[in-house]
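Inside the fold
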Amino acid sequence: MNAKTKTAAAVTLGLAVAAFTGYGLWQAGQPAPEVFQGQMEAREADIAPKLSARIAQVLVKEGDQITVGTPLVRLDSPEVAAKMAQATAAQAAAQAVARKAEHGARPQEIDMARLAWQRAQTAADLAETSFQRVDGLAREGLIATQKRDEADAHRKASRDQALAAKAQYDMARAGARPEDQDAAAAQARQVAGVVAEVQAAQAETELKSPVAGEVAKVLARVGELSPQGVAVVSVVDLSDQWVVLNVREDRLQRFAVGTEFDATLPALGEQTVRFKVYANSALPDFATWRATRAGQGFDVRTFEVRARPVTALPGARPGMSVLVKNS
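About the criteria used
Residues numbered from 1 in each chain as written. Predicted model: local features only at pLDDT ≥ 70, side-chain atom pairs only at ≥ 80, totals over all residues. Heavy atoms only, no water. Helix = DSSP H or I, 4+ residues; strand = E, 2+ residues; numbered from the N terminus. Buried < 20%, exposed > 50% of the residue type's maximum accessible area, 1.4 Å probe, protein only. Contact = heavy atoms within 4.5 Å. Areas by Shrake-Rupley, 256 points an atom, 1.4 Å probe, with all protein chains shown as cover. Core = buried A, V, L, I, M, F, W, Y, C linked by side-chain atoms within 4.5 Å. Pairing = 2+ DSSP bridges.

**Side note on the overall build of the protein chain**
- Within the protein chain, the regular secondary structure consists of 5 helices and 14 strands.
- Buried residues in the protein chain amount to 27% of all 327 residues.
- Pairs at least 24 apart in sequence give 76% of the contacts found in the protein chain among residues at least 6 apart.
- About 21000 Å² of surface is accessible on the protein chain, with carbon and sulfur atoms providing 55% of the total.

Below you can see the structure in the form of structure tokens.
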């Protein structure tokens, strides 16, 4: 290779190095691409018992896949058992009263009332006959008027006793009044409602899941006293997940409701996922003040953006980071 060729090669190499160096310096001078970072969230349900009781058995563990109705915790409540015994006894008594009112008097009671009426009627007939005799003798002057008046009073008293006995007999045959039957039936229904309430409380001693999903947390421990309304198990529905991003309002246009964007999840091997925005709302706090022009500016608010994956996202879990580059 002659000197001229060597000189040309050296010049070419120098130009290439200079170009590469200049490109590197230009790249270094460019601002880094803006990246929005959010995290995955999922719908979570905190399941709590409706009554206070001691935990007898924990039937699930964290990570279990459960369906609606899966037993989670069994509770021990002697108070509920005692209330059930009381309510059951009260229901039996109320039902007996209702049946008594519905069926009326027993046949033996009806027979007794009939015989009492017949006896009173016989006495009344005898008193009437006796009065007729005394009245005739009194008119003939054979006995004193006082005797006639006594016989007349006895006749009237016997007649009234016969009428009262007849009323007792009719009442026994007719049975209880409709109002008494309605009151007894209502009392039985009221006690049945009490029994149903206690049965509902008894059913709560075996706490079942109202939702399907994965057991995220088990807060219950055997032997502990579980207060009413305090969560003992948390269940997360991995089929209902979304990403939450905090975006300044001057970047919000890209995340308008209904728009789609691509993001990556480092936990899934930088997998690119398509999301669609379904909601955004202003957060209560303000972001750092940024001036838009020299001498002028405004407070830039931060908005919470929520977006769901366009397609199912296997492997995604709440808490995973989501990165969105601002192209």
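After that view of the structure, there is still more to cover.
**What about the nonpolar core?**
- Counting 21 residues, the largest nonpolar core has Met40, Phe255, Phe261 and Phe275 as its most contacted members.
- Going through the elements one at a time, strand 1 (35-47), strand 8 (233-248), strand 9 (260-265), strand 10 (271-286), strand 13 (301-309) and strand 14 (321-325) are the ones with two or more residues in this core.
- Residues contacting Met40, with those up to four places away along its chain left out, are Gln241, Trp242, Val243, Leu265, Phe275, Leu313, Ala316, Arg317, Pro318, Gly319, Met320 and Val322.
- The next biggest cluster of nonpolar side chains, apart from the first, holds 17 residues, and it includes Val60, Ile66, Leu72 and Val80.

**Looking at the sheet that holds strand 5 (residues 206-208)**
- Across the sheet, which stays open at both edges, the 4 strands sit in the order 5-4-2-7 with antiparallel pairing between neighbours. In this open sheet, the two strands that pair with only one neighbour each are strand 5 and strand 7 (225-226).
- Sheet analysis places strand 2 (residues 53-58) next to strand 4 (residues 71-76), joined by 4 bridges and oriented antiparallel. For Arg54, the partnering residue across the bridge sits in strand 4 and is Asp76.

**Details of the side chain of Thr264**
- Within the fold, Thr264 resides in strand 9.
- Those residues within four positions of Thr264 in sequence are excluded, and the remaining contacts are Glu270, Gln271, Thr272, Ser321, Val322 and Leu323.

**Focus: the pairing of strand 4**
- Pairing analysis gives 3 bridges linking strand 4 to strand 5, with the strands arranged antiparallel. Bridge pairing links Val73 to Leu207 in strand 5.

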